[in-house]
Amino acid sequence: MTEHEIGFGEFVAARWSALYRTAYLLTADHHDAEDLLQGALARTCVRWSSIRDHRAADGYVRRAMVRQMIRQWPARRRELATDALPDSLPASSTRLGGGPPREDDLELRADRLVLWAEIRRLPPRMRATLVLRYLEDLSEEATARELGVSVGSVKSQTHHALRRLRAALPDLVPHVQEKP
Amino acid sequence: MIETQVRDTLADVRAQVPVPVLDEVALAARVRGARRVRRGRRAVGAVLVAAVLAAAAAPGATLLPAGSRAPGPAAPVPAPLPASTPVTRAALVLEGQLTVLLPDESSYAPGLPAAAVLGSGPAGVVALTPSGRVAVSRLAATGQPGPLRALTDGHVRDAVLDANGEVLTFVDDGGDVHQRLVGSRADVGASGLHLAADERLLAGDLGRVVVVRGAAATLRTPTGIVPLPTSGAAAVSAQLRGDVVAVRVPGATELVTAAGSRLRAVAALSPDGRRLAVATGTGSWAFVDVATGGGAALDGVPSGARAIAMTWQDPDHVLVVGTDRHRPGNHVLLDCSVTRRACTERFDDPTGTLELARR
């Protein structure tokens, strides 16, 4: 028993923004993200008393979103990037110290916008695999558990997703070495 | 490296996404909908469990010898819900020691070596010691176990406790079956039963024992032997409750009713034999009314849980030890309530040695 039991309302208030951002990356659509997150939160709410560690409920909601998205996938329209892209990507992530963007900063931001556009076109399961592996930093085993698939399937999805991105963006400039 | 670019891009997009304000009204509506769906699923689960039992329960000849016990109910009558009781103390074996888990999740482990807990009753916790004797430990009001007091004079081959924890049945090294009240060192009359060297005692109550020889299980009384129509797998343990016997074989439990029907699951009969706690391999756990087949699915079962064994504490509570695929190697103790129709986790054993009382 923890000293302070976290209530569901308290959890939602604290984690809504972070979970919404994850939902957006999974769905690549604002309306779908809100719908997916609301559904996952509702299912979490009715099971709240059986979740052992409320401080770790993020993982529960995330898994609910991933599983729901994958379940919906066959019935959904083929993913098309119709939602507006984020207006811009934050300069602070590409330019330390601020100041007006340099030409290579602009090039980097443009590349990321293009890459995001391609990521959005990936099938949901592939996109979810990339989000879990590269953004949530989950291992292949943990990703497999989240998705409810085998580790081999995670490896395969990752491989094919990256191959698609490389094929779609053959001219993507490797900027890693260019960071100060 | 495309991986690095994907990681950076996703991180940038996440940081940039405008987040809408939480629509609390919409969320409340979704929660209400989720509750309705969940209630519907529970009802469907109960119907499925009931259907399994109903399919297995057909009228037939009575299992028990004439005159030994009253026959089963003539017409299906739902078992009334037991009175709701609070979570009680649980006597267990943990790392080879008698351990009493208290309702507040604290525990006593005073260093009493135990090979197995046979069960608990009014006289205390009955355990099998590593040297093969049966002993009882009276619990203090706080739940702290007292010293072990021998109930048998010497080594026993097998020993079991009845459903109420009042009658001890054991087989001495010579194969003679003894029955005595827990706390007494004198037999309750002469059982007249004798087991061969290759026979094992699985269960017993006053005047009856369940015995296994190879793959054949039988119910024995001083007046006769009744073969139990199990599938042929070697029985590991058995429960004798009222007019029903549950025989556990590796990976399954065979429920033998008066009609000799079976149910594949981990299951345990309530102390009065009227309700069955069932945990199927698919994760559906339920209480089933033995007379009507009516079932009630349970909430609170972890998604990766798989039951290993279960035992009733009282007519309201059943303890279940299982594994959880999300916690490999651990044993998890769940306490499931008939009246609450839910399970709560009481203990997470990282050593994987947790065992329930055999009763």
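Up top is the structure.
Because the structure is a prediction, the values reported are computed rather than measured.

## Things to note about the overall build of chain B
Step number 1: Along chain B, the regular secondary structure elements total 2 helices and 25 strands.
Step number 2: Split into buried and exposed, the 359 residues of chain B put 49% on the buried side.
Step number 3: For chain B, the accessible area works out to roughly 15,700 Å², and carbon and sulfur atoms hold 57% of it.

## Considerations on the packing of aromatic side chains
All names here are of chain A.
Step number 1: For the structure shown, the criterion picks out 6 aromatic pairs over all chains.
Step number 2: Ring plane angle 75° and centroid distance 5.4 Å describe the contact between Phe8 and Trp48, whose orientation is recorded as edge-to-face. Here the residue Phe8 occupies a position in helix α1 (residues 8-27), and Trp48 occupies one in the loop between α2 (30-46) and α3 (57-72), the gap between them amounting to 40 residues. By the burial criterion, Phe8 is buried, and Trp48 matches it.
Step number 3: Seen in terms of ring centroids, Phe11 and Trp48 are 5.3 Å apart; in terms of plane orientation they differ by 40°. Their pairing is tilted. Taken as a pair, Phe11 in helix α1 and Trp48 in the loop between α2 and α3 lie far apart in primary sequence, 37 residues in all.

## With respect to the sheet that holds strand β2 (residues 97-101) of chain B
Step number 1: Within the open sheet, the 3 strands sit side by side as β1-β2-β3 (chain B). Their pairing is antiparallel. This sheet does not close on itself; its edge strands, each paired only once, are β1 (90-94) and β3 (107-108) of chain B.

## Describing the state of the cysteines
Residues and elements named next belong to chain B.
Step number 1: Following the criterion strictly, the structure yields 1 disulfide over all chains and no others.
Step number 2: With its sulfur 2.1 Å from that of its partner, Cys336 forms a disulfide with Cys343. Disulfide Cys336-Cys343: the torsion about the S-S bond is 105°, which places it as right-handed. In this pair, the class of Cys336 matches that of Cys343, namely buried.

## Focus: α2 of chain A
Residue and element names in this part refer to chain A.
Step number 1: The end-to-end C-alpha distance of α2 is 25 Å, a good match for the 24 Å that 17 residues give at a rise of 1.5 Å each.
Step number 2: For α2, the buried fraction is high: 12 of the 17 residues fall into the buried class.
Step number 3: The backbone nitrogen of His31 lies 2.9 Å from a side-chain oxygen of the residue at the head of α2, namely Asp29.

## Looking at the packing of helix α5 (residues 124-135) of chain A against helix α7 (residues 151-168) of chain A
Residues and elements named next belong to chain A.
Step number 1: Where α5 contacts α7, the axes come no closer than 9 Å and their chain directions differ by 100°. In this view, α5 runs roughly perpendicular relative to α7, as classed from their interaxial angle. Residues Arg125, Met126, Thr129, Leu130, Arg133 and Tyr134 of α5 lie in contact with α7, whose contacting residues are Val154, Gln157, Thr158, His160, Ala161, Leu162, Arg164 and Leu165.
Step number 2: Residue composition of the contact of α5 with α7, grouped by class: 7 nonpolar, 4 polar and 3 charged.

## A word on the environment of Gln144 of chain B
Residue and element names in this part refer to chain B.
Step number 1: Mapped onto the fold, Gln144 is located in the loop between β6 (134-139) and β7 (145-150).
Step number 2: Remark: the alpha-carbon pair of Gln144 and Leu102, spanning 42 residues in sequence, is separated by 9.3 Å.
Step number 3: The contact partners of Gln144, leaving out residues within four places of it in the chain, are Tyr108, Arg138 and Leu139.

## Focus: the pattern of salt bridges
Step number 1: The full count for this structure, using the stated rule, is 20 salt bridges over all chains.
Step number 2: Between Arg15 of chain A and Asp58 of chain A there is a salt bridge; the shortest N-O distance is 2.6 Å. Taken together, the positions of Arg15 of chain A in helix α1 and Asp58 of chain A in helix α3 put the pair 43 residues apart, joining distant regions of the chain.
Step number 3: In this structure, the salt-bridge partner of Glu136 of chain A is Arg62 of chain A, at a minimum N-O distance of 3.2 Å. Highlighted residues: Glu136 of chain A in the loop between α5 and α6 (140-147) and Arg62 of chain A in helix α3, separated in sequence by 74 residues.
Step number 4: Residue Arg62 of chain A is classed as buried on the basis of its relative accessible area, which comes to 15%.
Step number 5: When salt bridges with common partners are traced through the structure, they connect Arg62, Arg63, Glu136 and Glu146 of chain A together with Arg14 of chain B into a single cluster.

## Side note on the interface of chain A and chain B
The extent of an interface is frequently quoted as the accessible surface area lost upon association of the parts.
Step number 1: Listed per partner, the contact involves 49 residues of chain A and 36 residues of chain B.
Step number 2: Roughly 3,800 Å² of surface becomes buried between chain A and chain B when both sides are summed, with 65% attributable to carbon and sulfur atoms.
Step number 3: Among the residues of chain A in contact with chain B, Arg21, Val46 and Tyr134 of chain A are the three that bury the most area, contributing 16% of the side total.
Step number 4: Here chain A and chain B share 5 salt bridges between them.
Step number 5: On inspection of chain A and its partner chain B, the count reaches 10 residue pairs in polar contact (both at pLDDT 80 or more).
Step number 6: Among the secondary structure elements, those contributing two or more residues to the side of chain A that touches chain B are α1, α2, α4 (103-121), α5 and α7 of chain A.
Step number 7: Take the side of chain A that touches chain B: its biggest share by element is 10 residues, from α2 of chain A.
Step number 8: Looking at the side of chain A that touches chain B residue by residue, the classes come out as 27 nonpolar, 8 polar and 14 charged.

How each quantity is defined
- Residues numbered from 1 in each chain as written.
- Chains lettered and ligands numbered in written order.
- Predicted model: local features only at pLDDT ≥ 70, side-chain atom pairs only at ≥ 80, totals over all residues.
- Heavy atoms only, no water.
- Helix = DSSP H or I, 4+ residues; strand = E, 2+ residues; numbered from the N terminus.
- Buried < 20%, exposed > 50% of the residue type's maximum accessible area, 1.4 Å probe, protein only.
- Areas by Shrake-Rupley, 256 points an atom, 1.4 Å probe, with all protein chains shown as cover.
- Phe/Tyr/Trp six-rings, centres within 6.5 Å; stacked < 30°, edge-to-face > 60°.
- Pairing = 2+ DSSP bridges.
- Disulfide = S-S within 2.5 Å.
- Expected span 1.5 Å × (residues − 1).
- Polar contact = N/O pair within 3.5 Å; in protein donor to acceptor, adjacent residues only side chain to side chain.
- Axes fitted to C-alpha atoms, helices over the stretch in contact; angles between N-to-C directions.
- Parallel < 35°, antiparallel > 145°, perpendicular 65-115°, else oblique.
- Contact = heavy atoms within 4.5 Å.
- Nonpolar A, V, L, I, M, F, W, Y, C, P; charged D, E, K, R; others polar.
- Salt bridge = Lys/Arg side-chain N within 4 Å of Asp/Glu carboxyl O.
- Buried area = accessible area lost by both parts, 1.4 Å probe.

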